[in-house]
Amino acid sequence: MSATPAAWSNWAGNQSSTAALVVRPRTVEEVATAVRAAADAGRTIRAVGSGHSFTATAVTDGHRLDLADLDTGVHVDTARRLVTVPAGMTLHTLNELLASHGLALPNLGDIDAQTVAGALSTGTHGTGAKLGCLSTFVVGLTLVTGTGEVLRCSADEHPDVFAAARVGLGAVGVLVELTLRCVDAFTLRAHERPAPLDAVLADLPSLVPAHDHVEFYWFPYTARVQVKTNDRVPADDRPLPRWRGWLDDEFLANTVFAGACRLGRAVPALAPGISAVSARALTERTYTGRSDQVFCTPRRVRFVEMEYGLPRAALPEALTALRRIVDGLPFKVLFPVEVRFTAADDIWLSHGYGRDSAYLAIHQYVGMPYEPYFQAFEKVAADLGGRPHWGKLHWRDAASLAPAYPRFADFLSVRDRLDPHRRFTNPYLARVLGS
């Protein structure tokens, strides 16, 4: 186990801190030792993943746990379709591991750089009307509590901790190992097409259940969207040509878009025109590919983000209000708005607890103003019963969040039991969970 002081910042560059000590444990016992050492020093301790949260959830001036070197072993049970991996493994590495065994996760978001523990702890999700967030795939977990105890949890063993820790914000313990239920490896057929926003909204009641996965992107200052549907197919018989993948996903979506964002930041009056061009630049395409490679795409243009999970029926009203907000801002918005769908689940702090959801994610290019934009939409979303994504920017506090989560008090009870001295707290957790 190595220990050094170091500064840290997240991927977007909007969160940073300097910890008094950074610990890189290699074993579960070393994690427990690090937690007890922080307690002895009278300091807090926070685990950090790959920094893909936009909130201050990993910020600490106490001790920081970097789990990149944690080695709990890897176990793949192909017959039962279960995989057990260290918490610090990235989703990209996990996807490659599963593919080598003929397995896959049932669903993914569009970024695979997160650690497994970080993605699960914040409620990371993809899109799919019959699928919940990634934490619904967890069947077992091991964590280290605030007193240094090691707990193994499942639906049968410490079920209340299991219900809390699958989306736990790192507040009830340090996740060190996860067991996930997988599926046989599968191929997706992706269909991407431009469309009028009003037509897509009118068609949503039939569009969403007709496909395995549906999402769309609205381009601000336009009435246009880009719709993407993914469906399971038996054969990878229409792979995307390498040149087309480079053109669309690297050159247009990253290189050209980055240049357009820089131009829009320098000359904000050009933003509506840039958005209109972007809406027309991505043409229709259909292709097949390995599931994780279709779900996940490179994201090299830096941004900040807010995302709200809403009751599905509230989506049209939320989008109408959002369009008015964008048009009335004293500055311009350079990023499209992403809309996705998930099924209800039973995880206490999951944004999808107890209801089918539509997720609406708003972004802004780094270096551009965003707080008035995000806060205006947050008021709309909160009034519609929205729940903020735990890893994305929001201004809610414990008093406003408690009514949004029926099991909020149960979560706090588990937290009180497992971390009575608040070893895992930081200002973000004090705000959203209380002190």
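Here's a quick rundown of the structure. Because the structure is a prediction, the values reported are computed rather than measured.

**With respect to the packing of helix α9 (residues 315-328) against helix α10 (residues 371-383)**
Relative orientation and spacing of two packed helices are given, respectively, by the angle between their axes and the distance between those axes.
Alright, step 1. For the pair α9 and α10, the least separation of the axes is 10 Å and the interaxial angle reads 155 degrees. Comparing their axes, α10 and α9 come out roughly antiparallel. The element α9 and its partner α10 pack so that their crossing is right-handed. Counted together, Ala318, Ala321, Leu322, Ile325 and Val326 of α9 and Tyr373, Ala376, Phe377 and Val380 of α10 form the full contact between these two elements.
Alright, step 2. Residues that form the contact of α9 with α10 fall into these classes: nine nonpolar, no polar and no charged.

**Brief notes about unusual backbone geometry**
Alright, step 1. The backbone of Leu169 sits at a positive phi, close to 60 degrees, despite the residue not being glycine.
Alright, step 2. Relative to the helices and strands, Leu169 is located in the loop between α4 (159-165) and β10 (174-181).
Alright, step 3. Leu169 sits in the buried class, given a relative accessible area of 3%.
Alright, step 4. Of note, the phi angle at Arg422 is positive, near 55 degrees, even though the residue is not glycine.
Alright, step 5. Relative to the elements of secondary structure, Arg422 occurs in the loop between α12 (408-418) and α13 (427-433).
Alright, step 6. Look at Arg422 and you get buried, because its relative accessible area is 16%.

**Thoughts on helix α5 (residues 197-210)**
Alright, step 1. Across its 14 residues, α5 extends 18 Å between first and last C-alpha, which sits within 8% of the 20 Å expected from 1.5 Å per residue.
Alright, step 2. Along α5, the largest kink reaches about 70 degrees and is centred on Leu204; proline Pro205 follows within four residues of it.
Alright, step 3. For α5, the complete set of buried residues consists of Leu197, Val200, Leu201, Leu204, Leu207 and Val208.
Alright, step 4. Against the buried residues of α5 lie β12 (187-196), β13 (213-218), β14 (224-233), α9 and β17 (337-342).

Conventions we followed
Residues numbered from 1 in each chain as written. Predicted model: local features only at pLDDT ≥ 70, side-chain atom pairs only at ≥ 80, totals over all residues. Heavy atoms only, no water. Axes fitted to C-alpha atoms, helices over the stretch in contact; angles between N-to-C directions. Helix = DSSP H or I, 4+ residues; strand = E, 2+ residues; numbered from the N terminus. Parallel < 35°, antiparallel > 145°, perpendicular 65-115°, else oblique. Left-handed = near helix turned anticlockwise from the far one by under 90°. Contact = heavy atoms within 4.5 Å. Nonpolar A, V, L, I, M, F, W, Y, C, P; charged D, E, K, R; others polar. Buried < 20%, exposed > 50% of the residue type's maximum accessible area, 1.4 Å probe, protein only. Expected span 1.5 Å × (residues − 1). Bend = angle between axes of the 7 residues up to and from the residue.

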